[in-house]
Amino acid sequence: MGDVLRELASVLEERKNADPTDSYVAHLYQKGIDTILKKVGEEATETIIAAKDGDRAQTVYEMADLWFHCLVLLTHQGIHPDEILSELERRFGLSGHEEKGSRPEK
């Protein structure tokens, strides 16, 4: 799974230099963070609706869109998916209560 995320992250990074008229991702980058965040929110909502409806195929489809747009967000912010995977690995084996208790106070 990590290989697909790394490959996609590489493509998304390359799209930072692409022509926005030729690349959807370059267009999102050009529009900026507000547009990217709106897309993440839209895809999250569509994922929730599909899951609530119990539509397995549509949930998979919408979750792929959500993950894609989350990766666009991460790339825009200069965060590589490996950082997220490392955080998930750190949490592996911890109970949810332990993980939450280990978070710094906000």
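Thresholds, definitions, all that
Sequence order as written defines the numbering, with residues in each chain counted from 1. Local features are withheld for residues below a pLDDT of 70 in this predicted model, meaning they are given only at 70 or higher, and side-chain atom pairs are given and counted only at 80 or more; totals for whole chains, interfaces and linings count all residues. Only hydrogens and water are removed before side-chain values are computed, so all heavy atoms of the structure are retained for them. Strands here mean DSSP runs of E at least two residues long; helices mean DSSP runs of H or I at least four residues long; both are numbered from the N terminus. The rule is simple: take the accessible area with a 1.4 Å probe, protein chains only, and divide by the maximum for that residue type; under 20% is buried, over 50% is exposed, in between is partly exposed. Only heavy atoms enter the contact rule, under which two residues are in contact if any of them lie within 4.5 Å. Using the Shrake-Rupley algorithm and a 1.4 Å probe, accessible areas are obtained, with residue cover drawn only from the displayed protein chains. As used throughout, the charge tally considers Lys and Arg to be positive and Asp and Glu to be negative, leaving His and the chain termini uncounted. Charged side chains are reduced to one point each, which is NZ for Lys, CZ for Arg, CG for Asp and CD for Glu. We call a set of buried Ala, Val, Leu, Ile, Met, Phe, Trp, Tyr and Cys residues a nonpolar core when their side-chain atoms join them within 4.5 Å. Salt bridges, as used here, are contacts in which a Lys or Arg side-chain nitrogen is within 4 Å of a carboxyl oxygen on Asp or Glu.

## Topic: the overall build of the protein
Then step 1. When helices and strands are counted, the protein shows 6 helices and 0 strands.
Then step 2. Ordered by position from the N terminus, the helices and strands of the protein form the series α-α-α-α-α-α.
Then step 3. Principal-axis analysis of the C-alpha atoms places the extent of the protein at approximately 45 × 35 × 30 Å.
Then step 4. Considering the protein as a whole, with its 106 residues, one finds that 26% of them fall into the buried category.
Then step 5. Counting contacts in the protein only where the partners sit at least 6 residues apart, residues at least 24 apart contribute 56% of the total.
Then step 6. Summing over all exposed atoms, the protein offers an accessible surface of approximately 7,700 Å²; the carbon and sulfur share of this is 56%.
Then step 7. Positive and negative side-chain charges of the protein, numbering 13 and 21 respectively, have mean locations separated by a distance of 5 Å.

## Quick word on the nonpolar core
Then step 1. Formed by 13 residues in total, the largest nonpolar core has its most connected members in Leu-12, Val-25, Tyr-29, Ile-36, Leu-71 and Val-72.
Then step 2. Looking at this core, the elements with two or more residues in it are helix H1 (2-14), helix H2 (24-31), helix H3 (33-52) and helix H4 (56-76).
Then step 3. Broken down by element, this core gets its largest block of residues, 5 residues, from H4.
Then step 4. Setting aside residues no more than four positions away along its own chain, Tyr-29 makes contact with Leu-12, Arg-15, Lys-16, Ile-36, Val-72, Thr-75 and His-76.

## Section: the side chain of Glu-43
Then step 1. As for its placement among the helices and strands, Glu-43 is situated in helix H3.
Then step 2. The residues contacting Glu-43, other than those within four sequence positions of it, are Glu-62, Asp-65, Leu-66 and His-69.

## Description of the pattern of salt bridges
Then step 1. For the structure shown, the criterion picks out 7 salt bridges.
Then step 2. The shortest N-O distance in the salt bridge between Glu-43 and Lys-39 comes to 3.3 Å. Here Glu-43 pairs with Lys-39, and both are found in helix H3, just 4 residues apart, close to one helical turn. With respect to burial, Glu-43 and Lys-39 carry one shared label: buried.
Then step 3. Taking the shortest distance from any N to any O, the salt bridge between Arg-90 and Glu-87 comes out at 2.7 Å. Within this pair, Arg-90 and its partner Glu-87 are both found in helix H5 (residues 81-91), separated by 3 residues, close to a single helical turn.
Then step 4. Overall, Arg-90 belongs to the partly exposed group, its relative accessible area being 43%.
Then step 5. On the basis of relative accessible area, Glu-87 is assigned to the partly exposed category, the value being 28%.

## As for the environment of Asp-3
Then step 1. Counting through the fold element by element, Asp-3 comes out in helix H1.
Then step 2. Judged by its relative accessible area of 52%, Asp-3 is exposed.

## Quick word on the environment of Ala-26
Then step 1. Within the secondary structure layout, Ala-26 lies in helix H2.
Then step 2. On the accessibility criterion, Ala-26 (4% relative accessible area) is buried.
Then step 3. Spatially, the C-alpha atom of Ala-26 lies 5.6 Å from that of Lys-16, the residues being 10 residues apart in sequence.
Then step 4. Residues within four places of Ala-26 in sequence aside, it is in contact with Arg-15, Ala-18, Asp-19 and Pro-20.

## Observations regarding the environment of Asn-17
Then step 1. Looking at where Asn-17 falls in the secondary structure, it is placed in the loop between H1 and H2.
Then step 2. For Asn-17, a relative accessible area of 73% translates into the label exposed.
Then step 3. Taking the C-alpha atoms as reference points, Asn-17 and Tyr-29, separated by 12 residues in sequence, lie 9.6 Å from one another.

Purely geometric stuff here, so don't read any function into it on its own.
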